[in-house]
Amino acid sequence: MEKMYAPWRFKWIKESANGVTDCFLCDALKEGIENDRENLILIRRENAFVIMNRYPYSNGHLMVCPNRHLHDLRQMEPYEWEATGELTQVCMEAMERTLHPHGFNLGWNMGTIAGAGLEEHIHLHIVPRWKGDTNFMPVLGETKVISQDMWECYDQLKAALDSL
């Protein structure tokens, strides 16, 4: 089996295990706007925000989150639905302008059994997809290939989002 090292994950894993980090989304949002790039926050709005996924399924994998710490989408108020919906549309437009995906996967993962890595703060995944982006590597090589540097992708998306 091929080994791939991701040392940036250890800090989050260690803090989570020690109970330091209750919710990485809330933690990132609470930090000042001056830390947005470090925290991968692309957009802050009154009722929702957008953050890049540090452990993406594909490059450009974003999460649209209500600002309120909610564990169930049925707790969302109409203004939070409106905010997350608007940000989802804006993000898809920015991705089409910069990353040129052929399609998108959108999804809410509620509960660990449904794939939620963070159950406590709901968020909508936006995963850009390209024809041929799934291949033999994850199955045979047990290796995931991300085709673009995260920081390069962040800078491209941030510029596009700021222009919309």
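The structure this text deals with has already been given above.
Residues numbered from 1 in each chain as written. Predicted model: local features only at pLDDT ≥ 70, side-chain atom pairs only at ≥ 80, totals over all residues. Heavy atoms only, no water.

Peer 1: Which residues make up the overall build of the chain, and what values do they have?
Peer 2: Along the backbone of the chain there are six helices and five strands. Along the chain, from the amino end to the carboxyl end, the secondary structure elements read α-α-α-β-β-β-α-β-β-α-α. A total of 164 residues make up the chain; the buried ones form 38% of that total. When contacts within the chain are restricted to residue pairs at least 6 apart in sequence, those whose partners lie at least 24 apart make up 62%. (Helix = DSSP H or I, 4+ residues; strand = E, 2+ residues; numbered from the N terminus. Buried < 20%, exposed > 50% of the residue type's maximum accessible area, 1.4 Å probe, protein only. Contact = heavy atoms within 4.5 Å.)

Peer 1: Describe in detail the side chain of Asn39, supporting the description with residues and values.
Peer 2: With respect to the helices, strands and loops of the structure, Asn39 is situated in helix H3 (residues 36-39). Contact partners of Asn39, with chain neighbours within four places excluded, come to Ala28, Glu31, Ile51 and Arg54.

Peer 1: Let's hear about the sheet that holds strand E3 (residues 62-66): which residues, and what values?
Peer 2: Sheet architecture is open: five strands sit in the order E1-E2-E3-E5-E4, paired in antiparallel fashion. Pairing within the sheet leaves two strands with one partner each, and these edge strands are strand E1 (41-44) and strand E4 (103-108). Across the sheet, the mean angle separating the axes of adjacent strands is 20° when strand polarity is ignored. Here strand E2 (residues 48-52) pairs with E3 via five bridges, running antiparallel. Among the inter-strand pairings, Ala48 is bridged to a residue of E3, identified as Pro66. Across the face of the sheet, helix H4 (residues 78-98) comes into contact with E1, E2, E3, E4 and strand E5 (124-129) while running at roughly 160° to E3. Those strands touched by helix H6 (residues 150-163) are E1, E2 and E3, and its axis lies near 25° from that of E1. (Pairing = 2+ DSSP bridges. Axes fitted to C-alpha atoms, helices over the stretch in contact; angles between N-to-C directions.)

Peer 1: Describe the pairing of E2, and please don't skip the residues or the numbers.
Peer 2: Looking down a regular strand, the side chains alternate between one sheet face and the other. For E2, the buried fraction is high: five of the five residues fall into the buried class. By the alternation rule, side chains of E2 split into Ala48, Val50 and Met52 and Phe49 and Ile51, which are all buried. By the bridge criterion, three bridges tie E1 to E2 in an arrangement that is antiparallel. Looking across to E2, one finds that Ile41 is bridged to Ile51.

Peer 1: I'd like a description of the nonpolar core, backed by residues and values.
Peer 2: Grouped together as the largest cluster of nonpolar side chains are 34 residues, with contacts concentrated most on Leu25, Leu42, Val50, Ile51 and Leu62. The set of elements that each furnish at least two residues to this core consists of helix H2 (24-30), E1, E2, E3, H4, E5 and H6. Here the element with the most residues in this core is H4; it accounts for six residues. When residues no more than four places from it in sequence are discounted, the contact partners of Val50 are Leu40, Ile41, Leu42, Ile43, Leu62, Met63, Val64, Leu87 and Cys91. (Core = buried A, V, L, I, M, F, W, Y, C linked by side-chain atoms within 4.5 Å.)

Peer 1: Residue-level account of the environment of Asn67, with values.
Peer 2: Residue position: Asn67 is located in the loop between E3 and H4. Measuring from C-alpha to C-alpha, the distance between Asn67 and Ala48 comes to 4.7 Å, with 19 residues separating the pair along the chain. Dropping the residues within four chain positions of it, Asn67 is found in contact with Leu29, Arg45, Glu46, Asn47, Ala48, Phe49 and His121. Polar side-chain contacts of Asn67 include one of 3.4 Å to the backbone nitrogen of Ala48. (Polar contact = N/O pair within 3.5 Å; in protein donor to acceptor, adjacent residues only side chain to side chain.)

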